[in-house]
Amino acid sequence: MSKVILTKTRIQAGIYEAVLSAETEENYHPDLVAVHLERELDGLSVTEDASLGNTWHVRFNIPREVLTDGVQTFLINEKSTDDTLDSFTIVTGEVLSDDIRAEMDLLRSELDMLKKAFRRHCVETT
């Protein structure tokens, strides 16, 4: 039985970086794939760190062509088992600003409702 853990370290300059560690009695060789919208993407590399043993550095160049307005979710999967080891989301464009404005309007209206209820409560209890 093996335990494989992928820990994201950072995303910088369009590059996802993580560390993969495996606790296994077997001879484990990672076979990872990056997936976006159920499509495998190129650009993922796995490099063994011989000094640590059963540890690999994972890098994935996020393709510019998949970044569009809205929410984009990426998965890092173990190819042989199809297990998702990590996922990350990138949110861009006008959709985000519209969502934030709508959320702020909702919060303002809820705050106004709470203020009215609190004032009513204060008047009724005195």
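Quick summary incoming for the structure in this document. Not measured: the values here are computed from a predicted model.

Here the focus is unusual backbone geometry. The phi torsion at leucine 37 lies on the positive side, around 50°, for a residue other than glycine. Mapped onto the secondary structure, leucine 37 falls in the loop between strand 3 (32-36) and strand 4 (39-41). Classification of leucine 37 as exposed rests on a relative accessible area of 70%.

Ranked by size, the top nonpolar core spans 18 residues in total, and within it Leu6, Tyr16, Leu20, Phe60, Phe74 and Phe88 carry the most contacts. When residues of this core are traced back to their parent elements, those giving at least two are strand 2 (15-23), strand 3, strand 6 (55-61), strand 7 (70-78) and strand 8 (83-92). Top element by residues in this core is strand 2. It accounts for four residues. The residues contacting phenylalanine 74, other than those within four sequence positions of it, are Val35, His36, Leu41, Phe60, Ile62, Val66, Leu67, Asp86, Ser87, Phe88 and Ile90.

In this section: the pattern of salt bridges. Tallying each qualifying case throughout the model produces four salt bridges. Residue aspartate 112 pairs with lysine 115 through a salt bridge whose shortest N-O separation is 3.6 Å. In this pair, aspartate 112 and lysine 115 both sit in helix 1 (residues 94-125), three residues apart, roughly one turn of the helix. Using a relative accessible area of 37% as the deciding quantity, one classes aspartate 112 as partly exposed. Beyond isolated ion pairs, a larger network of salt bridges with shared partners links Arg10, Glu17 and Arg59.

Together, Ile100, Met104 and Leu107 make up a nonpolar patch on the protein surface, roughly 260 Å² of accessible area in all. Assignment of secondary structure puts leucine 107 in helix 1.

So, how was this worked out
Residues numbered from 1 in each chain as written. Predicted model: local features only at pLDDT ≥ 70, side-chain atom pairs only at ≥ 80, totals over all residues. Heavy atoms only, no water. Helix = DSSP H or I, 4+ residues; strand = E, 2+ residues; numbered from the N terminus. Buried < 20%, exposed > 50% of the residue type's maximum accessible area, 1.4 Å probe, protein only. Core = buried A, V, L, I, M, F, W, Y, C linked by side-chain atoms within 4.5 Å. Contact = heavy atoms within 4.5 Å. Salt bridge = Lys/Arg side-chain N within 4 Å of Asp/Glu carboxyl O. Patch = residues over 30% accessible without salt bridge, like charges linked within 9 Å, V, L, I, M, F, W, Y side chains within 5 Å. Areas by Shrake-Rupley, 256 points an atom, 1.4 Å probe, with all protein chains shown as cover.

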